[in-house]
Amino acid sequence: MISEKSKQTIDKWIAKYPKGQQQSAVMEALKLSQIDNGGYLDKKCIEAVADYLDMSVISVAEVATFYENYNHKPVAKYTVRFCHNISCMLNGADNLIDYLEAKINAEKLGELVQVKKVECLGACVGAPMCQINDDYFENLNEQKINEIISGLK
Amino acid sequence: MLEIEIDGAKVSADPGEMLIAVTDRAGIRVPRFCYHKHLSIAANCRMCLVDIEGSPKPKPACSTPIAEGMKIWTHNDKTKISQKAVMEFLLINHPLDCPICDQGGECELQDVAMDYGADISRFTEGKRIVEDKDIGALIQTDMTRCIHCTRCVRFGDEIAGVMEMGATGRGENLKIEPFLAYGIDSELSGNMIDICPVGALTSKPFRYELRSWQMQSVAGVSRHDLVGSNLLSQTYKGKVKRIVARENSDINETWIADRERFSYQGLSHENRLLMPQIKIEGKWQEVTWNVALDFALKGLNNAVLNNKQTDRLGALATNTATLEEFYLLQKILRGVGTQNIDYRLNIKDLDATINLPSNIKLTDLETLDYGLIIGANLRLEQPLINHRLRKAVLSGAMVDVVNVAEFDFNYQPNNHNIIAPNQIALLLAGVLKVVLESTQAEVLPDLQNLNPNATAKQLAARLLRADNAVIVLGEHLLNIPQVAIIAALITQIAQHTDSKTLNTSLSANSKAADLAGFTPGRDGLDANTMLTAQLKAYILLDIYPQYDFYNSPKAIEAFNNADTFIIALNSFKDEVVLEYADILLPIANFYESPGSHVNIEGLVQSFPAAVSAPGEAKPAWKVFKVLADLLQLPGFDYTANQQITSEATMHQNPKLSKVDVSKVDVSIDLTMKKGIDIIWQKSPYAIDVLLRHSPALQMTKIGQINTASMNAATAKKLKLTQTDDYLGVPVVLSETVADDCVFINANRQTWDRGQ
Ligand code: SF4
Ligand code: FES
Ligand code: FES
């Protein structure tokens, strides 16, 4: 559940910490394992990370369950991280989130797209905004959302 | 020494101490949940807040180091207001289920809530609920009650050495749990029950049995291993209902191993032997003690006493017997004129009994800088000795292991030297040679031609360099043909490197047997020779030969010899015993008889009986006393167990070993023998009859261990695969087992091993 390529990256992280402190790389290792596993961490991923970093499984699980960005269930292909913090909220984010969720429901796109409300993503200039997987989309409105969603496959 | 002021009184304290340690010593009560003196400081419950002069807000006593002239108040208004506030927060999510909670009456939360809690809750919202997991046969969880003190988490990480409990999730969703469906499997896990301040972790076998205040607590000492852990047996209406740890900082600190905690279950097993029985013409009859003892006397008279053949009488005993039992039984045998006495049943080469001194104190193990473990799965054999060694490792000591297979340690040994059993002597000879050369001592002629390998050089160098080294000898050595040489080599190595030794090879109450002289001396037969000597009569103390002997089939055969008269004192019924015995006397087991344990330091710890034995069973020492009277032996007019204790500890026991291990006689043949060696060790929860009858322990992962491990090459030689059985034990292939070695961890010993 950790690819060879990810292992190489993890090794680079391990090398940054003092010898014997390899567990400091746990967050990076979990992140990579999550990517390798198609977006979420299952039992095997957590065990693999524990094994690779010589940690107890439960301490890896502690980290994996603490942070919001580790998923523990299969995820849709696209995760829309919709900001609902102050700037975006003042520019109508809440209505847009409702709109987007309704749209996903109506068009039965649940397996393709899922929405998560998140705090400020540091792009207030373009509020309201969201992040879809690795890309930012700014100055959103209903029409733009329609275009973006129809472009997702 | 610093001086601080607590509640207006001057108290002195050591620099660096935390406030709570000082208040505890001064007997001032500061409430706490997360603090435990043997665990790291978490300071997460905030219950221990105290007012410190000059500090605007109260501070936690558990994590505030003292400073000269500090003035603190533990009971003023400021403190009380904060403590009450903390209490209110803690109770927000705690269920009000004390009436159905096993912890009720011994709950730290309940106690503190009595002092600091409000009568009426202001919290009207819904409380959180946490689903329970089944984490094993020993610990019951009710996690809704958990207050997240993390004692159990830290215990796993810091004491048990395997982190099994953890805190997953965050904030309101934080849960204390093991990973998914993992259980709690460590050999020390039961201590979590003791340290959990609330009823979240309680004893599963004890669930819903009784309230703590209904029971009487009797101080006891465990006999399962060489430590002599102090404990409390808690009894109700003549039954042991629960065992908890009793603190003794020199012995077991505040911990006990799971087998100490849960073996009491076996006491009420249906297989307990309840009535004396005699066998008449092949049929068993229940009889009174008088009839039984008369029968015993007649039998002994006929078999050996009347015809003056006392040298054809032998006595063998389990190694969990008490000091007094060992002492009386040997006194009877010596009284009638024989020295055929032994308790060392599962050793190949008794002449070479590893009669090495154990000359280190348990507490000193913590300050070692080097440990060399030879032939031991120390963690499961002697959990608390291992714990002390682990402490040394955590504070920087180095530990090397020379074993026949790679065992799980809960610390990181420097080197796991996995070598074939028949190579161990050679390795140690190499170590000795290097040691002798570097200390400019004369190299013995036998060692001249030896070429020490890299491992030997490394071990020797480390032993020489260390200021405080210990060599730990384990049980596996008793199985190795060259055990005599090994014993001699280790004595020499220890001498020349100024190392201490810790001999854990004979466990349980063996040291008491040695002290009591329960060994053949120079003129008697030892356990192995007795079996081949066609004795006419035996007195067997709580022996179950299919489990206990080095060569069990041979022992069973010897006992079944038609004209051998056998008096069997047993605490449990047993098919095999029924087969060969002529008379069966029911005796007490743990907690049912007063007695003494002698631990690895030679410390004699006496304990009273907590309950009486079931049915007609009697403490064996009383049986021996009556038997001695019937035999009209002088010197048995004891009225109390303590009289025997003092006599046993005073008397000079006959010299145990016939071999002088101070001189090495390595000429015996240091070249290793070819062929495959079997190292057999009883499963950790099967080492004595009580453990074998304790259901909860048998259900644990450790309790289920039953494997014949070997590497692929050995399996090939033996023509075995992963799915086969070897000598009735399932084969496990593992490359962490040495060449030419089968490591069997099983209860029974069923195959003829020759001698
Ligand atoms: S289960 Fe008990 S010991 Fe563990 S964190 Fe909860 S309250 Fe503390
Ligand atoms: S508030 Fe939405 S990006 Fe900052
Ligand atoms: S005991 Fe001090 S914070 Fe818990």
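Scoring rules and cut-offs
Residues numbered from 1 in each chain as written. Chains lettered and ligands numbered in written order. Predicted model: local features only at pLDDT ≥ 70, side-chain atom pairs only at ≥ 80, totals over all residues. Helix = DSSP H or I, 4+ residues; strand = E, 2+ residues; numbered from the N terminus. Buried ≥ 20, exposed ≤ 12 C-beta atoms within 10 Å, placed from the backbone. Contact = placed C-beta atoms within 7 Å. Domains from an automatic or database assignment. Nonpolar A, V, L, I, M, F, W, Y, C, P; charged D, E, K, R; others polar. Core = buried A, V, L, I, M, F, W, Y, C linked by C-beta atoms within 7 Å. Pairing = 2+ DSSP bridges. Axes fitted to C-alpha atoms, helices over the stretch in contact; angles between N-to-C directions. Near = placed C-beta within 6 Å. Parallel < 35°, antiparallel > 145°, perpendicular 65-115°, else oblique. Left-handed = near helix turned anticlockwise from the far one by under 90°.

Caption draft 1: Focus on the overall build of chain A. Assigned secondary structure in chain A consists of seven helices and four strands. By its C-alpha atoms, chain A is 50 × 30 × 25 Å across when sized along the principal axes. Classification of the 153 residues of chain A by burial places 27% in the buried group. If you take every contact in chain A between residues at least 6 apart in sequence, the share linking residues at least 24 apart comes to 61%.

Caption draft 2: Inspection of unusual backbone geometry at higher detail. Note that the residue after A127 of chain A, namely P128 of chain A, is joined by a cis bond; omega there is -10°. With respect to the helices and strands, P128 of chain A occurs in the loop between β2 (113–118) and β3 (130–132). Residues other than glycine seldom take positive phi values, yet A508 of chain B does so here, at roughly 50°. You can see A508 of chain B is positioned in the loop between β21 (500–503) and α14 (510–516).

Caption draft 3: Highlighting the domain arrangement of chain A. Per the domain assignment, the segments of chain A are domain 1 (4–66) and domain 2 (78–150). Distance between the C-alpha centres of domain 1 of chain A and domain 2 of chain A: 30 Å.

Caption draft 4: Local environment of the domain arrangement of chain B. Residue and element names in this part refer to chain B. Here the domain parsing of chain B yields domain 1 (2–92), domain 2 (126–268), domain 3 (277–349 + 509–650), domain 4 (354–503) and domain 5 (674–745). Here domain 3 and domain 4 have C-alpha centroids that lie 35 Å from each other. Across the boundary between the two partners, domain 3 contributes six residues, which contact nine residues of domain 4. Looking at the side of domain 3 that touches domain 4, its residues break down into two nonpolar, one polar and three charged.

Caption draft 5: How the structure looks around the interface of chain B and chain A. Contacts between the two partners involve 13 residues from chain B and, on the opposite side, nine residues from chain A. Taken together, the residues of the side of chain B that touches chain A break down into eight nonpolar, three polar and two charged.

Caption draft 6: Main features of the nonpolar core. Of all hydrophobic cores here, the largest spans 228 residues; its most connected members are V49 of chain A together with L329, L428 and I486 of chain B. Filtering out sequence-adjacent residues up to four positions away, I486 of chain B remains in contact with I424, A425, L428, L477 and I480 of chain B. Grouped together as the second largest cluster of nonpolar side chains are 19 residues, A708, M710, V729 and A746 of chain B included.

Caption draft 7: Just the environment of C149 of chain B, in detail. Residue and element names in this part refer to chain B. Of note, C149 is situated in the loop between β6 (139–141) and α4 (151–160). Overall, C149 belongs to the buried group, with 27 C-beta atoms counted inside 10 Å. Between the alpha carbons of C149 and C45 there is a distance of 6.0 Å; along the sequence they are 104 residues apart. Discounting chain neighbours no more than four positions away, the residues touching C149 are F33, C34, N44, C45 and P197.

Caption draft 8: Layout of the sheet that holds strand β28 (residues 707–710) of chain B. Across the sheet, which stays open at both edges, the five strands sit in the order β27-β31-β28-β30-β29 (chain B) with mixed pairing between neighbours. Unpaired on one side and paired on the other, β27 (677–681) and β29 (725–726) of chain B mark the two borders of the sheet.

Caption draft 9: Structural view of the sheet that holds strand β4 (residues 135–137) of chain A. Residue and element names in this part refer to chain A. In spatial order, the strands read β2-β1-β3-β4; together these four strands make up an open sheet with mixed pairing. A strand with exactly one partner marks an edge of an open sheet, and here the two such strands are β2 and β4. Across this sheet, the average inter-strand angle for adjacent strands is 25°, counted without regard to direction. Examined bridge by bridge, strand β1 (residues 78–83) and β3 share three bridges and lie antiparallel to one another. What sits directly across from F82, in β3, is C130. Here helix α6 (residues 93–106) sits on the sheet in contact with β1 and β2, set at roughly 160° to β2.

Caption draft 10: Seen up close, the pairing of strand β20 (residues 469–473) of chain B. Residues and elements named next belong to chain B. Among the five residues that make up β20, five are buried, leaving the element largely enclosed by the rest of the structure. Two elements, strand β17 (residues 370–374) and β20, share five bridges in a ladder whose sense is parallel. When the bridges of β20 are listed, Y370 appears paired with A469. Taken together, the four bridges between β20 and β21 define a ladder with parallel strand orientation.

Caption draft 11: A look at the site of ligand 1. Taken together, 13 residues sit near ligand 1, with C146, C149, C152, C196 and A200 of chain B positioned nearest. Split into classes, the residues belonging to the shell around ligand 1 amount to ten nonpolar, two polar and one charged.

Caption draft 12: Seen up close, the packing of helix α2 (residues 77–92) of chain B against helix α3 (residues 108–116) of chain B. All names here are of chain B. Closest axis-to-axis distance for the α2/α3 pair is 10 Å, and the angle between their directions is 130°. Judged by the inter-axis angle, α2 sits oblique to α3. You can see that α2 and α3 cross each other, and the crossing is left-handed. Listed contacts from α3 to Q83, K84, M87 and L91 of α2 are V112, A113 and Y116.

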